[in-house]
Amino acid sequence: MGWRTIMISHHAKVSLTAGNLDIQTDTDRFHVPVRDVDILLVQTLQAVVTTSAIAALSEVHAKIIFTGRDGQPICETTGCYPNARTAALVTAQVNWNSTRVANLWTRIVAAKLNNQIAVADMLNADVSSLNDEMDKLELNDETNREAVVARQYFPLLFGDDFSRSDFVPVNAALNYGYSILLSLVDRAIVARGYLTCFGIHHDNAGNAFNLGSDLMEPFRPIIDYWVAQHKILDLTPDIKFGLVRLLELKMVYEDKTETLENVVEKHVVNCLKYLSDETDQVKIGVVVPHEVSDNAINDYV
């Protein structure tokens, strides 16, 4: 996989020339080796991407994300036949051990709640009620502490009147960041031959990304913290750019300094190995970047 994230925000044509992406705008022309591209984010309706460029990016497992008229990611490319996918692998996924599924979901929820508490604390909110709910977490989150904490957590960050269902710029920014994060998780899942539609908790028949929605949960608070640190009056190009740059965020994960993008991939691999009985150990740590510095996320503006 590549390492570069390319954002197309203005009128442009993206084509393929001798193994390079040829990006031509009204004023400039750029050439980028296809093998270096990790994500191509097309956040304008005035861009043309040729089929040869799409095919070349798909061959190196690069993700192409398109945004709609409202500026939110609306669709993305997914390879149809990854080399790792076999009938045996898909059958094993559909029949993952229920005990392992319950254990993993419990740990994912615990990591998400820990990160939400950490974020709220970093923003000087009173987290005593969140800690109380954390203590009530049961196997497979049977009492749905995840939802209970969410109802308390978001008002702590964005005000007592805030609701995730409101059509406001803050929610637009959160949804944009979550969509980019989900695309990373989905790509790591597909690259290893698994289906994104079969989740361990999310089971919406209309959601093609149930598993990605499950595995991304511990990382959502990173998006929350960045949005809470900025005055969001509209989903401007600068806000989008800042959210995409979070993929480069440095954090300490399993005693090593990694980028968020690398941490997400390692997290997904760790979870899939556990679910597939390749390992009996699964560790989902707190990933909010305390050790880097409280200002780390603020640098990505």
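This structure is a prediction, so every number in the text was calculated from the model and none was measured.

Consecutive side chains along a regular strand alternate between the two faces of the sheet. Sheet topology note: the strand β7 (residues 63-67)/strand β8 (residues 73-76) ladder contains three bridges and is antiparallel. Bridging across to β8, Ile65 finds its partner in Glu76. Linkage of β7 to β8, two consecutive antiparallel strands, is achieved through a turn of five residues, within which Gly71 is found at a positive phi near 85°.

Right, let's talk about the packing of helix α6 (residues 169-191) against helix α8 (residues 220-228) for a bit. Taken N-terminus to C-terminus, the directions of α6 and α8 make an angle of 145°; their axes are 9 Å apart at the nearest point. When the axes of α6 and α8 are compared, the crossing they make is right-handed. In this structure, α6 contributes Val170, Ala173, Leu174, Gly177, Tyr178 and Leu181 to the contact, and α8 contributes Arg220, Ile223, Asp224 and Val227. For the contact of α6 with α8, a count of residues per class yields seven nonpolar, one polar and two charged.

With that settled, consider the layout of surface pockets. Looking at the largest pocket, its volume works out to about 380 Å³. Along the wall of the largest pocket there are 20 residues; nearest its centre are Trp3, Arg4, Thr5, Glu248 and Glu261. At four residues, strand β1 (residues 4-8) tops the list of elements feeding residues into the lining of the largest pocket.

Along the chain, Gln93 turns up in helix α2 (residues 87-94). Looking at Gln93, the relative accessible area reads 3%, which means it is buried. If sequence neighbours within four positions are ignored, Gln93 has contacts with Tyr194, Leu195, Phe198 and Leu211.

If you trace the four strands from one edge of the open sheet to the other, you get β4-β3-β2-β6, paired in mixed fashion. The open sheet has two free edges, formed respectively by β4 (29-33) and β6 (47-49), since each of these has just one partner strand. The average angle at which neighbouring strand axes cross in this sheet is 20°, direction not considered. Bridging between strand β2 (residues 12-17) and β6 involves three bridges; their strand directions are parallel. Residue pairing in the sheet places Lys13 in a bridge with Val48 of β6. On the sheet, helix α1 (residues 51-59) packs against β2, β3 (20-25) and β6 and is oriented at approximately 65° with respect to β2.

With that out of the way, let us pick up the packing of aromatic side chains. Considering all chains together, one arrives at four aromatic pairs under this definition. A centroid spacing of 5.0 Å and a plane angle of 70° characterise the contact between Tyr153 and Phe154, whose relative ring orientation is edge-to-face. Tyr153 gets classed as buried once you look at its relative accessible area, which sits at 0%. On the numbers, 6.3 Å between centres and 40° between planes, the contact of Phe154 with Phe162 is tilted. Phe162 shares its class with Phe154; the two are buried. The side chain of Arg100 reaches across the aromatic face of Tyr274, ending 4.6 Å from its centre. The aromatic ring of Tyr178 is capped on one face by Arg220, whose charged end is 4.5 Å from the ring centroid.

Thresholds, definitions, all that
Residues numbered from 1 in each chain as written. Predicted model: local features only at pLDDT ≥ 70, side-chain atom pairs only at ≥ 80, totals over all residues. Heavy atoms only, no water. Pairing = 2+ DSSP bridges. Helix = DSSP H or I, 4+ residues; strand = E, 2+ residues; numbered from the N terminus. Axes fitted to C-alpha atoms, helices over the stretch in contact; angles between N-to-C directions. Left-handed = near helix turned anticlockwise from the far one by under 90°. Contact = heavy atoms within 4.5 Å. Nonpolar A, V, L, I, M, F, W, Y, C, P; charged D, E, K, R; others polar. 1 Å grid on protein atoms, 1.4 Å probe; cavity = no way out; pocket = protein on both sides within 12 Å on 5 of 7 lines; lining within 4 Å. Points joined across faces, edges and corners; volume = space filled by probe spheres on them. Buried < 20%, exposed > 50% of the residue type's maximum accessible area, 1.4 Å probe, protein only. Phe/Tyr/Trp six-rings, centres within 6.5 Å; stacked < 30°, edge-to-face > 60°. Lys NZ or Arg CZ within 6 Å of the ring centre and 35° of its normal.

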